Amino acid sequence: QVQLVESGGDLVQPGGSLRLSCVASGFTLEYYSVHWFRQAPGKEHEGVSCIERSDGSTYYADSVKGRFAISRDNAKNTVYLQMNSLKPEDTAVYYCATGQACGDSTGLWGRGTQVTVSS
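The following refers to the structure shown. No experiment lies behind these values; they were computed from the predicted model shown. (Residues numbered from 1 in each chain as written. Predicted model: local features only at pLDDT ≥ 70, side-chain atom pairs only at ≥ 80, totals over all residues. Heavy atoms only, no water.)

**Some words on the overall build of the protein chain**
- Each helix and strand counted, the protein chain has zero helices and eleven strands in total.
- For 119 residues, the compact-globule formula gives about 14 Å, and the C-alpha radius of gyration of the protein chain, at 13 Å, lands near that figure.
- Projecting the C-alpha coordinates of the protein chain onto the three principal axes gives extents of approximately 40 × 30 × 30 Å.
- Relative to its 119 residues, the protein chain shows a buried fraction of 40%.
- For the protein chain, the proportion of contacts with a sequence separation of at least 24, taken over those separated by at least 6, is 56%.
- Just so you have it, the protein chain exposes about 6,200 Å², and 45% of that area is on carbon and sulfur atoms.
- Of note, the protein chain has its 10 positive side-chain charges centred 3 Å away from the centre of its 12 negative side-chain charges. (Helix = DSSP H or I, 4+ residues; strand = E, 2+ residues; numbered from the N terminus. Rg over C-alpha atoms; globule rule 2.2 N^0.38 Å. Buried < 20%, exposed > 50% of the residue type's maximum accessible area, 1.4 Å probe, protein only. Contact = heavy atoms within 4.5 Å. Areas by Shrake-Rupley, 256 points an atom, 1.4 Å probe, with all protein chains shown as cover. Lys, Arg positive; Asp, Glu negative; His and termini not counted. Charge placed at Lys NZ, Arg CZ, Asp CG, Glu CD.)

Pasting the structure below:
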């Protein structure tokens, strides 16, 4: 079955860290650029980060730059999002999605994982 599955979301205190995983099954994730998006309650989807399939270049939203890091482990068919110095405004459902390039439209999406930052 072709799918993306996110995991790693949790309740964490402000200043804490989480690592999200996006695992692909049924296809080789290495052949795609991978986006992380998030959606907070009552808000639209926001692009958080992306890693290119071609050269591994990475991109970040200004709101997470310097705090989040995207990476991929092709042997595990997985892309990660390391999130440090978390803030309450990072609370959202986080989704990964494939694309042909980071500036391109997306294709397959996962179902998301909930991240809650609260004391």
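**Some thoughts on the sheet that holds strand β3 (residues 18-25)**
- Across the sheet, four strands lie side by side as β1-β3-β8-β7; this open sheet has antiparallel pairing. Each edge of the sheet is formed by a strand with only one pairing partner; in this case those strands are β1 (3-7) and β7 (68-73). Taking each pair of neighbouring strands and ignoring which way they run, the sheet shows an average axis angle of 15 degrees.
- Relative to strand β8 (residues 78-83), β7 runs antiparallel, the two being bridged by six bridges. By the bridge assignment, Asp73 is partnered in β8 with Thr78. (Pairing = 2+ DSSP bridges. Axes fitted to C-alpha atoms, helices over the stretch in contact; angles between N-to-C directions.)

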